[in-house]
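Structural features, examined
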Number of protein chains: 2
Amino acid sequence: MIKLADISTMPPPHLDEDETRKKTKALVEKLGKLQHKLLASQTHAVLVIFQGMDGSGKDGAVKNVFQDCHPNGLSVHAFKKPTEEEFAHDFLWRVHKHVPPKGMIHIFNRSHYEDVLIQRVHKWIDEKRVDQRIEAINAFEELLAFDNNTLVLKFYLHLSYEQQALELQERIDDREKNWKYNAGDWKERELWPEYMRCYQDVLNRSRIPWTVVPVDKRWYRDFVVATTLVNALEELNLEFPEIQEK
Amino acid sequence: MIKLADISTMPPPHLDEDETRKKTKALVEKLGKLQHKLLASQTHAVLVIFQGMDGSGKDGAVKNVFQDCHPNGLSVHAFKKPTEEEFAHDFLWRVHKHVPPKGMIHIFNRSHYEDVLIQRVHKWIDEKRVDQRIEAINAFEELLAFDNNTLVLKFYLHLSYEQQALELQERIDDREKNWKYNAGDWKERELWPEYMRCYQDVLNRSRIPWTVVPVDKRWYRDFVVATTLVNALEELNLEFPEIQEK
């Protein structure tokens, strides 16, 4: 069982930053090559989900780890507050539209998990609905896996409460980050313990497992995400297809 | 347990045709009124699924039963052979897009059930995949029900082997039905016993129940479908909303 309070948000002590950055660079290049094969072979799909508190560095992970991937084979979808049309459907309706076809990597920056996190923390849904939704998510992700060879890779970006304050403050102090600032983030931060409780519950009840990524140091975040992606894609044993007719 | 071989494809003996037609007409009008409330109240969605062999009268049921419904609140989707893009996704991807938002009745003329019928009969998928898909369908329909107040009404149009021959022949003989004729239908008819076996299995393994509709006489088909719809919609106790501000 995952206990978030027992998992450090920092890199392992003594891990050399420069050396890790070099390894990450090599992994990012390798990911680009693997994605090329994925796109060419059209046998598998890859869904990458990033979840984490405000300031946990979801955008940065997307930017840094996938920089050698070809845009033809990559698509990022950020899920915001649902529209009126989306609200008139079940919570997975807007999500299912954006799952990857074979050959593609789709990245979800936030996802259907918000529907059992923010909605649960604020008690917009009752616990019975939470249970039903968690079960529906499990069935949905398994559907993608068994029926379309979809590799579902989920990353929980594990940030400390202290680091979050620094990250939010930087959105005020750094002119180029002002656009990300939302005064409501401080209010939401007051619900931190409840968010941790709900995240931990979801991490433990997901049948397709999560990777918990310590993100207080961004260089370590990128290393863990890149390593996980490269390992998972290598296990698919992707090959460039040969010419069918000469 | 449903045993198709034990269920008549004909109306109950002694049922008066003229009288039944009159009742159907009243039911069809009533359905129009109920749909009006559904559209106004925006609290529930209705998904109506028609499945049945070639010649079982799916198109006719759609035309006759919903004739008093307002097109604003009604949408029919006929699922044909999947496109290349659809084939590159899980089998529910193309279906989920078309589920009804609150207020609407959506009709599926054929549906996701084809993916455990025609595909199973022809052995394009193995039995393990069939089991996974049936479970995925159950989870999917339950999601629509619990998360969006969707009433899921499924009709299996139960046709006799003998009547199918007459219906297919009529597509040849009747100039206005020629466009429905497909020589492949006779070939598919040879697989009748296997289709019956697969239909029966699906009818019994669905957690949201089916209505088996005897369709050899089309007037009785319409009566059963209209009755089922009206009863189910009446149970929702729909009301026109009142003005919120004066």
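Scroll up to find the structure.
This text gives an overview of the structure that appears in the document. Owing to the predicted nature of the structure, the values given are computational and were not obtained by experimental measurement.

With that settled, the discussion passes to the pattern of salt bridges. Counting across every chain of the model gives 44 salt bridges over all chains. We note a salt bridge from Glu 86 of chain A to Arg 94 of chain A, for which the minimum N-O separation is 3.1 Å. With a relative accessible area of 21%, Glu 86 of chain A lands in the partly exposed category. The partner of Asp 131 of chain B in a salt bridge is Arg 205 of chain B, with the nearest N and O atoms 2.8 Å apart. Of this pair, Asp 131 of chain B sits in helix H6 (residues 127-148) while Arg 205 of chain B sits in helix H9 (residues 192-205); the two residues are 74 residues apart in sequence, bridging distant segments of the chain. Assessed through its relative accessible area of 38%, Asp 131 of chain B is described here as partly exposed. Its relative accessible area of 30% is what places Arg 205 of chain B among the partly exposed residues. Taken together, the salt bridges that share partners define one network made up of Arg 120, Glu 127, Asp 131, Asp 201 and Arg 205 of chain A.

Residue and element names in this part refer to chain A. Helix length check: helix H7 (residues 161-173) (13 residues) gives 19 Å between terminal C-alpha atoms against 18 Å at 1.5 Å per residue, within 8%. Within H7, burial applies to Gln 163, Gln 164, Glu 167, Leu 168 and Arg 171. Buried residues of H7 fall within an arc of 135° about the axis and therefore sit on the same side. Pointing more than 90 degrees away from the buried face of H7 are the exposed residues Glu 162, Leu 166 and Asp 173. Summarising the contacts, the buried residues of H7 are in contact with helix H8 (184-189), helix H9 (192-205) and helix H10 (218-234).

Right, let's get into the nonpolar core. Within the largest apolar cluster, 70 residues are counted, with the highest numbers of intra-cluster contacts made by Val 48, Phe 50, Phe 66, Phe 155, Leu 229 and Leu 233 of chain A. Broken down by element, this core gets its largest block of residues, ten residues, from H10 of chain A. Once residues within four sequence positions are removed from consideration, Leu 229 of chain A is found in contact with Leu 31, Val 48, Val 65, Phe 66, Leu 153 and Phe 155 of chain A. In this structure, Leu 4, Leu 47, Leu 203 and Val 213 of chain B belong to the second largest nonpolar core, which totals 68 residues.

Let us now look at the relation of the copies chain B and chain A. Placing chain B over chain A gives an RMSD of 0.0 Å and needs a rotation angle of 180°, together with 0.0 Å of translation along the axis. As the rotation angle and translation indicate, the two copies are arranged about a two-fold axis. Most of the interface of chain B is mirrored in chain A, where 100% of its interface residues again form contacts.

With that settled, the discussion passes to empty space enclosed by the protein. Within the structure shown, the criterion is met by two cavities of 30 Å³ or more. As for the largest cavity, its lining consists of Leu 92, His 96, Ala 136, Ala 139, Phe 140 and Leu 143 of chain A together with Leu 92, His 96, Ala 136, Ala 139, Phe 140 and Leu 143 of chain B. Considered class by class, the residues forming the lining of the largest cavity number ten nonpolar, two polar and no charged. Counted as a void, the second largest cavity has a volume near 40 Å³.

So, on to the interface of chain B and chain A. Interface size is often expressed as the accessible area that is lost when the parts come together. On the side of chain A, 23 residues touch chain B, which itself brings 23 residues to the contact. Contact with chain A buries area across many residues of chain B, yet Asp 90, Phe 146 and Asp 147 of chain B alone supply 29% of it, more than any other trio. For the interface between chain B and chain A, the tally reads four salt bridges. Note that Asp 147 of chain B and Arg 129 of chain A form a salt bridge whose closest N and O atoms lie 2.9 Å from each other. Applying the counting criterion to the chain B and chain A interface returns 19 residue pairs in polar contact (both at pLDDT 80 or more). Contributions of two or more residues to the side of chain B that touches chain A are made by helix H4 (93-96) and H6 of chain B. With ten residues, H6 of chain B is the largest single contributor of residues to the side of chain B that touches chain A. Residues that form the side of chain B that touches chain A fall into these classes: 13 nonpolar, four polar and six charged.

All names here are of chain B. The strand order across the open sheet built from five strands is E2-E3-E1-E4-E5, with neighbouring strands paired in parallel fashion. Each edge of the sheet is formed by a strand with only one pairing partner; in this case those strands are strand E2 (74-78) and strand E5 (210-214). On average, each strand axis in the sheet is tilted by 20° relative to the strand beside it, whichever way the strands run. With five bridges connecting them, strand E1 (residues 45-52) and strand E3 (residues 105-109) associate as parallel partners. Looking across to E3, one finds that Val 46 is bridged to Ile 105.

This part takes up the packing of helix H2 (residues 58-65) of chain A against H10 of chain A. Residues and elements named next belong to chain A. Relative orientation of the contacting elements H2 and H10 amounts to 55°, with a least axis distance of 10 Å. One finds that H2 runs oblique with respect to H10. In terms of crossing hand, the pair formed by H2 and H10 is right-handed. Counted together, Gly 60, Ala 61, Asn 64 and Val 65 of H2 and Arg 221, Asp 222, Val 225, Ala 226 and Leu 229 of H10 form the full contact between these two elements.

Here the focus is the environment of Asp 222 of chain A. Residue and element names in this part refer to chain A. Secondary-structure assignment places Asp 222 in helix H10. For the pair formed by Asp 222 and Thr 9, sequence separation is 213 residues and the distance between their alpha carbons is 13 Å. Apart from the residues within four sequence positions on either side, Asp 222 is in contact with Thr 24, Gly 60, Ala 61, Asn 64 and Val 65. Looking at Asp 222, its side chain comes within polar contact range of the side chain of Asn 64, at 2.7 Å.

About the thresholds
- Residues numbered from 1 in each chain as written.
- Chains lettered and ligands numbered in written order.
- Predicted model: local features only at pLDDT ≥ 70, side-chain atom pairs only at ≥ 80, totals over all residues.
- Heavy atoms only, no water.
- Salt bridge = Lys/Arg side-chain N within 4 Å of Asp/Glu carboxyl O.
- Buried < 20%, exposed > 50% of the residue type's maximum accessible area, 1.4 Å probe, protein only.
- Helix = DSSP H or I, 4+ residues; strand = E, 2+ residues; numbered from the N terminus.
- Expected span 1.5 Å × (residues − 1).
- Arc of directions from axis to C-beta.
- Contact = heavy atoms within 4.5 Å.
- Core = buried A, V, L, I, M, F, W, Y, C linked by side-chain atoms within 4.5 Å.
- Least-squares fit on C-alpha atoms with pLDDT ≥ 70 in both.
- 1 Å grid on protein atoms, 1.4 Å probe; cavity = no way out; pocket = protein on both sides within 12 Å on 5 of 7 lines; lining within 4 Å.
- Points joined across faces, edges and corners; volume = space filled by probe spheres on them.
- Nonpolar A, V, L, I, M, F, W, Y, C, P; charged D, E, K, R; others polar.
- Buried area = accessible area lost by both parts, 1.4 Å probe.
- Polar contact = N/O pair within 3.5 Å; in protein donor to acceptor, adjacent residues only side chain to side chain.
- Pairing = 2+ DSSP bridges.
- Axes fitted to C-alpha atoms, helices over the stretch in contact; angles between N-to-C directions.
- Parallel < 35°, antiparallel > 145°, perpendicular 65-115°, else oblique.
- Left-handed = near helix turned anticlockwise from the far one by under 90°.

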